[in-house]
Amino acid sequence: MTKLESKVPEGPLHEKWDNRKHHYGLVSPNNKKKHTIIVVGTGLAGASSAASLAEMGYKVKNFCISDSPRRAHSIAAQGGINANKNYPNDGDSTWGLFYDTIKGGDYRSREANTYRLAQLSSNIIDQAVAQGVPFAREYGGELATRSFGGALVSRTFYARGQTGQQLLLGAYGALMRQVDGGNCEMFAHREMLDLVMVDGRARGIITRNLFTGALERHAADAVVLCTGGYGRAYFLSTNAVNSNATAAWRCHKRGALMANPSYVQIHPTCIPASTEYQSKRTLMSESLRNDGRIWVPKNKEDVGKPPNSIPPEDRDYYLERKYPAFGNLVPRDVASRNAHYMVKQGYGVGPLRNAVYLDFSTAIKEKGKAAIEAKYGNLFDMYQKITDENPYEQPMRIFPAVHYVMGGLWVDYDLMSNLPGLFVAGEANFSDHGANRLGASALMQGLADGYFIVPASVSNYLATERFNLTPVKDDQAEFKAVEKDVRANIDELLKLNELALKKPAEERRTVIDIYSELGKILWDDVGIERTAEGLEHALEAIPRLREEFYSGVLIPGSDDTFNKYLEIAGRVADFLEVGELMARDALDRDESCGCHFRADHQTPKGEALRNDEDFAYVAAWEYKGRGEKPVLHKEELEFEFVELKQRSYE
Amino acid sequence: MTLNLKVWRQSGADSAGSLEAVVAHGISPEMSFLEMLDLVNERLVHDGKLPIEFDSDCREGICGTCSLTINGKAHGPDLGTAVCQLHMRSFSDGDTIVIEPFRARAFPVVKDLVVDRAALDRIIQAGGYNSVTTGPHADANATLISKPDADAAFEAATCIGCGACVAACPNSSASLFTSAKLTQFAKLPQGQPERDIRTIRMVTTMDDEGFGNCSNIGECEAVCPKGISINNISRMRRDYVRAVLRTGGRVTES
Ligand SMILES: Cc1cc2nc3c(=O)[nH]c(=O)nc-3n(C[C@H](O)[C@H](O)[C@H](O)COP(=O)(O)OP(=O)(O)OC[C@H]3O[C@@H](n4cnc5c(N)ncnc54)[C@H](O)[C@@H]3O)c2cc1C
Ligand code: SF4
Ligand code: FES
């Protein structure tokens, strides 16, 4: 029976991390090079973990799906990164950032983890600046900041609308320096397809070379998973098209618990879909909400009119109306739900009536076009490229899209999963954001994990477990057995194509077709607003779709070459299981909290209504087989230092 | 609308490739170019044919994965756009569209339209960073950086590493890519300590990787989706001369 021990250190909140570090074991310089560590992923969490571990002297093997580590999904983050530097002297503090984050997460995260995140935030900015990350600056030469959803202080550092790109290129540079120095070996275009356990410890992985199809075995003393989130389960999301659940899910199948899978963040400001062939949704950074005003027409007759022809008194600035203190800067879940509600009520605008307006005319009038251009120029250009409309002259059309998952593999305070030796960092773990993540805090978490926590906690694991870490070789039985399983999985997928070809032509579906149907089920039933009936429907529909998948689906080509359909097929097979778990978790959590909004649990004002009595826990699920009912383990959340309050942004 | 595609098909790095005709019908102007290819592929697969292999990830012009040459232009006809941001409204019904991979000696074809650009990583590996270690550093505001310098560093740092500049250059030079990274650090105080050694090592690696020389043709700047300026290349040349004079061309510690 798995026992969940969070391993939170003793002592006052602000001393916990220091206490833990003092007790961490160290590995002697001579012994470091004897340890191999696998880091999977080269996003902010992966690149920073791999670079920092290699700098310390370990032998690091680093893997990513793309043809270059620099292309990881983190590159697309736009808006910024939080840190409690208090440069603008507006009253920020470690406590302030911690409190906003835990409140933003609707009290469903671990106090100690969230506090540590706030503590480390300031070091991240110093680290990045030393690397030469070109953050925005004021004329006096100091760093500029802006405010972001859910916060009343200005603590978000940014590099135009390309903050993720610049932070990632900083981490990637540090990584390439280690590759150059021979401390890190880089394996690009490799997909991790399984985890190898030896004597109850994570000791290696099996990868597929996506250029040649070759399967490869890699052995190590610890595995650090930094493979990002599973938001692509919805097919349409703002995530990069290769983002996936596969690495995490295959670890789950080997025994790692999956925590809070139903916590999915839906971002309020994305460009609406324009055709049925839409392949992904594009985010418009939420920093735009600093200067943009959100509205829909007051009268349904006006929804088809050109926005500029609708006079101010006929516009409903619904966020400003309902939430006077925060206005357009309410947290994401609140903004998303309200936009969804307006469109559902028939106030949606645009050709498909599937959007609300985000209007910059007031800001342009007050601050001038040049100031707005300097702040958001590239976002406006991006919008115009996609929609062929000029946001300087007419309001943008926006609508929520799946953006980020707060759920992920369960980890303790040291970021280790319940499988010894398997660490999980960045979006792939469940840890710091509770039921909702504040803007600009994923980059912060990825880098706090990678630069500062993983290096210390992995070292401690190697130091304290050194006598249990017997040498392993990638040709020993455990590795061969797992490789055989991976081979069998791929063969099973290739067979599905043969089965599909035996079906009548009109019944043949491609793997992408199945995938987009899964996405639709999840969006409708496990999306912005959830009901017991909807979730039960999903729990029937997903297994049915999975059956159809395994009865034969078109997956063309062979496995010994670059084959995108085969890559996607493997990921869809996993999403077909992940989706079911998401629905089950959402059904099981019979309360609303943060982004998990159950229609039957809301305040009279339409806010998420928590049930702290029964649900102040982390739901960690244990895998029991495809289609089998998973087993729930609970980690009760204890709040020693904050008082649980009903969130209110009025 | 209906479009006549001529698509490069090549089964692997060592095999010969050729253009194949594919008709794309029922294409709407709102679709992106890659969504058009997605749809074409879905139909090919239904017809029992092999899909056209291409790669993409962010589909919003920032990761640098997509790499198609369209009608002879890297990233296609629209200026300042990666091919994933190109929309079908830029084409008209009945157009013929020739789609090829980014071609360069240093970018071997993997399959169809997919190429291997690892050579660009090796240029970065040779010095595209400040050699700072993870750990405590001076407060971020300890060094003031003038806004114009910070902005100039940022402009250069926006390169997405797509390699279009290489594909567009008749000499397959990677000078625009390399000079952009060099400029980012040259503009920042943190970049000064390694400025000479960085310049020499990155330029040398660029040559060793099989990229050609720059002869000021300017095609790179014209196709660059991020508008990276060719002035960066002149800066790189000046810095290179300066670095060789100052170091005697030695790049390793003696
Ligand atoms: C459009 C957009 C904008 C955003 N803007 C912001 C923002 O402004 N501020 C903010 O704080 N957050 C933002 N976020 C969220 C943030 O970008 C992500 O949460 C964060 O970057 C995730 O980083 P990561 O390192 O955990 O994973 P990722 O960056 O997703 O990296 C995952 C890595 O794992 C690799 N990988 C995945 N699966 C496998 C496998 N099976 N085998 C081998 N390798 C694998 C991938 O190749 C990749 O290298 C944004 C997200 C999106 C989608
Ligand atoms: S300089 Fe421009 S064209 Fe060349 S790699 Fe960078 S972004 Fe691409
Ligand atoms: S797919 Fe990322 S730049 Fe085109």
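Residues numbered from 1 in each chain as written. Chains lettered and ligands numbered in written order. Predicted model: local features only at pLDDT ≥ 70, side-chain atom pairs only at ≥ 80, totals over all residues. Heavy atoms only, no water.

If you check an unreviewed UniProt entry, chain B appears there as succinate dehydrogenase from Bradymonas sediminis. Reading the Sequence similarities (unreviewed entry) entry of the UniProt record for chain B gives the comment "Belongs to the succinate dehydrogenase/fumarate reductase iron-sulfur protein family." (UniProt positions renumbered as here; feature names shortened; annotations may be inferred.)

Chain A has the name succinate dehydrogenase in an unreviewed UniProt entry, where Bradymonas sediminis is given as its organism. In UniProt, chain A has this text filed under Subcellular location (unreviewed entry): "Cell membrane". Quoted verbatim from the Cofactor (unreviewed entry) field of UniProt, the annotation for chain A is "FAD".

Student: Quick question: what am I supposed to make of the packing of aromatic side chains here?
Tutor: Any aromatic ring pair is given by two values, namely how distant the centres are and how the planes are angled relative to each other. All names here are of chain A. Counted by the stated rule, this structure contains 25 aromatic pairs over all chains. For the pair Trp-17 and Tyr-24, a centre-to-centre distance of 6.0 Å together with 80° between the ring planes defines the contact as edge-to-face. Among the residues examined, Trp-17 registers a relative accessible area of 4% and is labelled buried. For Tyr-24, a relative accessible area of 9% gives the class buried. (Phe/Tyr/Trp six-rings, centres within 6.5 Å; stacked < 30°, edge-to-face > 60°. Buried < 20%, exposed > 50% of the residue type's maximum accessible area, 1.4 Å probe, protein only.)

Student: What should I look at first to understand helix 6 (residues 163–180) of chain A in this one?
Tutor: An α-helical turn contains 3.6 residues, so a residue and the one three or four places further along point in the same direction. Here helix 6 of chain A spans 26 Å end to end across 18 residues, near enough to the 26 Å set by a 1.5 Å rise per residue. For helix 6 of chain A, a buried count of 17 out of 18 residues is recorded, marking the element as mostly surrounded by other parts of the structure. (Helix = DSSP H or I, 4+ residues; strand = E, 2+ residues; numbered from the N terminus. Expected span 1.5 Å × (residues − 1).)

Student: I'm lost on the pattern of salt bridges in this one. Help?
Tutor: Pairing between side chains of opposite charge can happen when their charged atoms approach one another. Per the stated rule, a full pass over the model turns up 65 salt bridges over all chains. The partner of A:Glu286 in a salt bridge is A:Arg332, with the nearest N and O atoms 2.4 Å apart. Residue A:Glu286 is found in the loop between strand 12 (264–270) and strand 13 (293–297), and its partner A:Arg332 is found in helix 9 (residues 332–347); the two are separated by 46 residues along the sequence. Relative accessible area serves as the criterion here: at 3%, A:Glu286 is assigned to the buried category. Classification of A:Arg332 as buried rests on a relative accessible area of 5%. Note that B:Asp239 is salt-bridged to B:Arg195, the shortest N-O span being 2.9 Å. In this pair, B:Asp239 is assigned in helix 8 (residues 231–247) and B:Arg195 in helix 6 (residues 195–208), connecting sequence segments 44 residues apart. According to the relative accessible area criterion, B:Asp239 is buried, its value standing at 10%. Sharing partners across several salt bridges, the network here consists of A:Asp106, A:Arg108, A:Arg589, A:Glu591, A:Arg610 and A:Asp612. (Salt bridge = Lys/Arg side-chain N within 4 Å of Asp/Glu carboxyl O.)

Student: What exactly am I supposed to notice about the domain arrangement of chain A here?
Tutor: Accessible area lost upon the coming together of the parts serves often as the stated size of an interface. All names here are of chain A. Domain annotation of chain A identifies domain 1 (34–263 + 406–465), domain 2 (266–402) and domain 3 (477–610). One C-alpha centre belongs to domain 1, the other to domain 3, and the line joining them spans 25 Å. Taken together, the contacts link 47 residues of domain 1 with 44 residues of domain 3. At the boundary of domain 1 with domain 3, total buried surface from both sides reaches about 4000 Å², with 59% on carbon and sulfur atoms. Broken down residue by residue, the surface that domain 1 buries against domain 3 is led by Tyr-234, Trp-249 and Ser-262, which jointly contribute 17%. The tally of links between domain 1 and domain 3 comes to seven salt bridges. In this structure, Glu-591 engages Arg-108 in a salt bridge whose closest nitrogen and oxygen atoms are separated by 3.0 Å. Where domain 1 meets domain 3, there are 19 residue pairs in polar contact (both at pLDDT 80 or more). Looking at the side of domain 1 that touches domain 3, the elements with two or more residues in it are strand 7 (190–198), strand 8 (201–209), strand 9 (215–219) and helix 7 (246–253). (Domains from an automatic or database assignment. Contact = heavy atoms within 4.5 Å. Buried area = accessible area lost by both parts, 1.4 Å probe. Polar contact = N/O pair within 3.5 Å; in protein donor to acceptor, adjacent residues only side chain to side chain.)

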